[in-house]
Protein chains: 2
Amino acid sequence: MGGKLMAKPQAVLFDVFGTLVDWRGSVHAGLAAFGTAQGISADWLGITDAWRGAYKPAMNAVRTGALAWTNLDDLHRGALVDLLPKFGVPALADAQISELVGLWHRLTPWPDSVAGLSALKRQVMIGSLSNGHVALQVRLAKHTKFPWDMIFGADMFGHYKPDPEVYLGACGFLGLQPAQVMLAASHNEDLAAARALGLQTAFIARPMEFGAADERAKPNQDWELVADSVLDLAGQLAG
Amino acid sequence: MGGKLMAKPQAVLFDVFGTLVDWRGSVHAGLAAFGTAQGISADWLGITDAWRGAYKPAMNAVRTGALAWTNLDDLHRGALVDLLPKFGVPALADAQISELVGLWHRLTPWPDSVAGLSALKRQVMIGSLSNGHVALQVRLAKHTKFPWDMIFGADMFGHYKPDPEVYLGACGFLGLQPAQVMLAASHNEDLAAARALGLQTAFIARPMEFGAADERAKPNQDWELVADSVLDLAGQLAG
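It should be emphasised that the depicted structure is a prediction, and the values quoted were computed from it without experimental measurement.

Focus: the overall build of chain A
If you tally the helices and strands in chain A, you get 10 helices and six strands. Scaling as 2.2 N^0.38, a compact globule of 239 residues should have a C-alpha radius of gyration of about 18 Å, and chain A matches this with 18 Å. Viewed in the frame of its principal axes, chain A has a C-alpha envelope of about 55 × 35 × 30 Å. Each of the 239 residues in chain A was classed as buried or not, and the buried ones make up 43%. Partitioning the contacts of chain A with sequence separation of at least 6, the portion at a separation of at least 24 is 63%.

Pasting the structure below:
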């Protein structure tokens, strides 16, 4: 399945959370380990999902201007402090909150991500295009060994996806026209925003991002490419 | 020789032109090859030096506000068009000028640069901090295989070194205080600007940058570290 690939892109930019890393499994494991170490019993998987659930409303507050520019660490911090009492977790020290916010810097890649990015890097420029800020992403890439040619973070643009400034800003920094750039993501709405601006698109199916497979893990448009892994995408682009 | 290293830096940022790549030898070779292919005889080494000589005045025009933000490709283009007639080179087509401007995207590293950066990358975060723009630097890193954790280009800040916005902007993107960051460069004035803002400094001697050894290739302050290669720097930091 897949649409009509235009000319081969010169750069492929990747969404990161969900597309390249298993944020849910990683954060859940980190929270559970913290709970064990601290002797705190709680629904850590529920907290993980609630934490991620707070992500879009928080970013939307920035996107609409209701909240001044705030990076993802600080959005994560505020959300966690709000939700922990609702799950019956006793108040934590600032340093403990910081430790937990740091879990998002040490997420585990999907098994194909590093090999796929390495294969793709031999063909084209590869970069991240994430709502994570540069500081988070540099540390995450050290941890995962993602072999980026370039990291693009939301703080470079002062905007969060799907604001157009992010997609067009990255194309501009690369000196490329939107049609020369492909966005690869496991989320239809991210690809839709990129397509509306003229970028090419690749859907990467990540059925386990939210646990049991759901409709969000299926393409809902004729994206230029549809792949079931980054390695698959690299193979399709190699033609 | 070397001053007083503070705590080990968490990131080392590098000047690129001269510090990591032999711009003079590379551009001269590229111009001479172009001349041979086109049947144009000229003082290509003189043109190389004059081209680089136009670099600081052009950047200073941007730094003082006399010229709106202009990236290095466009500064290079304007300077080359101005100087070629002075060297008796006949008018070139736009595409030929673009080809020559592109020589600055394909410079040859000094022999120790890639191995040194790779060794350093195992210890700390490594990034470029160059007056080259992101598009130039991504292509240069593909060509040289520099294993950057992060590329910082002047266009991310809308300023050229030694403007403070560049040094402090990179520290901010990394989420680090200036004292947690070291600038490594072969140019005293670059290090002086970084030191004035609180960054640590490492001088890397590149006696062949301008051809015959000259005073510019010697440290003129007690920089925290002084090294004769990037590998030497990595060894000193590993302590």
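So, the sheet that holds strand S1 (residues 11-14) of chain A
What holds strands together in a sheet is hydrogen bonding between their backbones, with the strands either parallel or antiparallel. Residue and element names in this part refer to chain A. If you walk across this open sheet you meet the six strands as S3-S2-S1-S4-S5-S6, and the pairing is parallel. Every interior strand has two partners, whereas the edge strands, strand S3 (150-153) and strand S6 (225-227), have only one. The average undirected angle you get between the axes of adjacent strands in this sheet is 25°. For strand S2 (residues 125-130) and S3, the ladder comprises four bridges, and the chain directions are parallel. Residue pairing in the sheet places Leu 129 in a bridge with Phe 152 of S3.

Some points on the confidence of the model for chain A
Mean pLDDT over chain A stands at 96; residues scoring 70 or higher make up 98%. Across the interface, the model reports ipTM at 0.96; the global pTM reads 0.96.

A look at the interface of chain A and chain B
Listed by partner, the interface residues are 14 residues for chain A and 14 residues for chain B. Counting only elements with at least two residues in the side of chain A that touches chain B, the list comes to helix H7 (134-144), S3 and helix H8 (164-174) of chain A. When residues in the side of chain A that touches chain B are grouped by element, the largest group, five residues, is from H7 of chain A. In terms of residue class, the side of chain A that touches chain B is made up of 10 nonpolar, one polar and three charged.

Looking at unusual backbone geometry
Trans peptide bonds make up the majority, and among non-glycine residues the majority have a negative phi. Residues and elements named next belong to chain A. Of the consecutive residues Lys 161 and Pro 162, the connecting peptide bond is found in the cis state with omega at 5°. As for its placement among the helices and strands, Pro 162 is situated in the loop between S3 and H8. Unlike most non-glycine residues, Lys 145 shows phi in positive territory, near 70°. In this structure Lys 145 comes out as exposed when scored by C-beta crowding, with 11 C-beta atoms within 10 Å.

Looking at the environment of Phe 157 of chain B
Residues and elements named next belong to chain B. The topology assignment puts Phe 157 in the loop between strand S3 (150-153) and helix H8 (164-174). Considering only alpha carbons, one finds Phe 157 and Ala 170, 13 residues apart in sequence, at a separation of 8.7 Å. Apart from residues no more than four positions distant in its own chain, Phe 157 is found in contact with Glu 165, Val 166 and Gly 169.

Things to note about the nonpolar core
Ranked by size, the top nonpolar core spans 140 residues in total, and within it Leu 174, Leu 183 and Leu 233 of chain A together with Leu 174 and Leu 233 of chain B carry the most contacts. Residues contacting Leu 233 of chain A, with those up to four places away along its chain left out, are Gly 116, Leu 120, Ala 184, Ala 202, Ile 204, Leu 225 and Ala 227 of chain A.

What counts, and where the lines are drawn
Residues numbered from 1 in each chain as written. Chains lettered and ligands numbered in written order. Predicted model: local features only at pLDDT ≥ 70, side-chain atom pairs only at ≥ 80, totals over all residues. Helix = DSSP H or I, 4+ residues; strand = E, 2+ residues; numbered from the N terminus. Rg over C-alpha atoms; globule rule 2.2 N^0.38 Å. Buried ≥ 20, exposed ≤ 12 C-beta atoms within 10 Å, placed from the backbone. Contact = placed C-beta atoms within 7 Å. Pairing = 2+ DSSP bridges. Axes fitted to C-alpha atoms, helices over the stretch in contact; angles between N-to-C directions. pLDDT = per-residue confidence, 0-100. Nonpolar A, V, L, I, M, F, W, Y, C, P; charged D, E, K, R; others polar. Core = buried A, V, L, I, M, F, W, Y, C linked by C-beta atoms within 7 Å.

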